[in-house]
Amino acid sequence: MPDFSHTLKGNERPIGVFDSGVGGLTVVKQLMALLPQERLIYFGDTARIPYGTKSEETVIRFALEDSVFLVEKGVKMIVVACHTASAIALAHVQRALDVPVVGVIEPGALTAVARTENGKIGVIGTASTIRSNAYTRALRSYDSWVKVFARACPLFVPLVEEGWIEDEATYLIARRYLQPLIDNGIDTLILGCTHYPLLKAVIREVMGEGVDLIDSGVETARYVKDMLQQRGLLAPQGQDPEHYFYVSDLPYKFQEIGERFLERSLPHVETVNFEAFVSRKGSGFWETLERKAVGRHSMTDP
Ligand code: DGL
């Protein structure tokens, strides 16, 4: 397992990206397109997916563990590609770690506010993302005038993983989920889940050409580029970087699904015994990190 913290200068180090599974490869795809010189290390928590139905406590704990795994590989920053983890755990991870951490909610929300003309913005995501209200908070913090219409579309994730991208059943389900947003008169729709860019054609057909679809992966890649530029952390041009992919389980049809998300062949993917990684660090380590993450300290802390 490479550890780049000792061998590479700050800007040459990889960007760490994590997700609950393979879905975050839609974000990786956009990072590769916009920042081809950057090394990437991806961790997909395939053993514990889905995050979208789990409690806040669990998602926060998982997000911290995933991030520490990447930090130990020597990454220069972390991209939380999972919308559920970004919605629930971003601030926790930012407080707990010393590297910059970027989520996928803010970049999409900023673009939506800039692009809407009638101020009616729709958001779709997993049940946990929608329940967290993270998008509504972000959108209204940029522009308190906008009206936000949020809708959970939990069946979209399994449909995409099953490969039913333009299936009749998918159109039927999409119409059922999206009709209320059409009735609300939105002119902008944020695809607030890693899997939804794959359903863009279906969503476009159901919503009609008049609705602007915001792909968080595209917006996040731009945001990451700006941030690296501002901090002088962009990798030197011209390097042909190696990428590393880790998962906590190698599920059935992983390669096929992964390549659908990445739209290119997936190189070697290493399976990590994540349970062993977490327990090796010891409960004291995680308790201290969790205290840092919530921003309070115990009496015994220095
Ligand atoms: N990656 C998740 C997200 O973007 C979708 C899959 C899951 O529920 O874990 O919200």
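Before any of the text, the structure's been laid out above.
Residues numbered from 1 in each chain as written. Predicted model: local features only at pLDDT ≥ 70, side-chain atom pairs only at ≥ 80, totals over all residues. Heavy atoms only, no water.

Participant: Is there a simple way to explain unusual backbone geometry in this structure?
Facilitator: It is generally the case that most residues other than glycine have a negative phi and that most peptide bonds are trans. P50 follows I49 through a cis peptide bond whose omega is 5°. Residue position: P50 is located in the loop between β2 (40–44) and α2 (56–71). With a phi angle near 65°, N133 is a residue other than glycine that sits in the positive phi range. Tracing the backbone through its elements, the reader meets N133 in the loop between α5 (127–132) and α6 (134–142). Residue classification places N133 among the partly exposed positions, given a relative accessible area of 40%. (Helix = DSSP H or I, 4+ residues; strand = E, 2+ residues; numbered from the N terminus. Buried < 20%, exposed > 50% of the residue type's maximum accessible area, 1.4 Å probe, protein only.)

Participant: Just checking my understanding: could you explain the site of the ligand for this structure?
Facilitator: The local shell around the ligand consists of D19, S20, I49, P50, Y51, G52, C82, H83, T84, T126, C193 and T194. Taking T194, its side chain carries an N or O atom lying 3.0 Å from a nitrogen atom of the ligand. Out of a free accessible area of 290 Å², the ligand has 98% covered by protein chains. Among the detected pockets, the ligand sits in the largest pocket. Grouping the amino acids of the shell around the ligand by side-chain chemistry returns five nonpolar, six polar and one charged. (Near = heavy atom within 4 Å. Polar contact = N/O pair within 3.5 Å; in protein donor to acceptor, adjacent residues only side chain to side chain. Areas by Shrake-Rupley, 256 points an atom, 1.4 Å probe, with all protein chains shown as cover. 1 Å grid on protein atoms, 1.4 Å probe; cavity = no way out; pocket = protein on both sides within 12 Å on 5 of 7 lines; lining within 4 Å. Sits in = over half its atoms within 2 Å of the grid points. Nonpolar A, V, L, I, M, F, W, Y, C, P; charged D, E, K, R; others polar.)

Participant: Even after reading the chapter, I still don't get helix α11 (residues 254–262), so can you show me in this structure?
Facilitator: Since one α-helical turn is 3.6 residues long, residues separated by three or four positions face the same way. Here α11 has its buried residues at F254, I257, G258, F261 and L262. Projected down its long axis, α11 shows its buried positions confined to an angular sector of 130°, all on one face. Where the residues of α11 are buried, they touch α1 (25–34), α7 (156–162), β9 (243–247) and β10 (269–271). Among the residues trailing α11, E263 stands out with phi positive, at a value near 55°. (Arc of directions from axis to C-beta. Contact = heavy atoms within 4.5 Å.)

Participant: Would you explain the sheet that holds strand β6 (residues 147–152) in this entry?
Facilitator: The four strands are arranged β6-β5-β7-β8 in an open sheet whose pairing can be described as parallel. In the strand order of this sheet, the two ends are held by β6 and β8 (212–215), each with one partner. If you compare each strand with its neighbour and ignore which way they point, the axes differ by 20° on average. Pairing geometry for strand β7 (residues 188–192) and β8, over four bridges, is parallel. (Pairing = 2+ DSSP bridges. Axes fitted to C-alpha atoms, helices over the stretch in contact; angles between N-to-C directions.)

Participant: How do you make sense of the packing of aromatic side chains when you look at a structure like this?
Facilitator: On inspection of all chains with the given rule, the structure shows 11 aromatic pairs. Aromatic side chains F69 and F274 sit 5.7 Å apart centroid to centroid with 65° between the ring planes, which places their arrangement in the edge-to-face category. Residue F69 is located in helix α2, and its partner F274 is located in helix α12 (residues 274–281); the two are separated by 205 residues in the primary sequence. Each member of the pair, F69 as well as F274, carries the same accessibility label: buried. (Phe/Tyr/Trp six-rings, centres within 6.5 Å; stacked < 30°, edge-to-face > 60°.)

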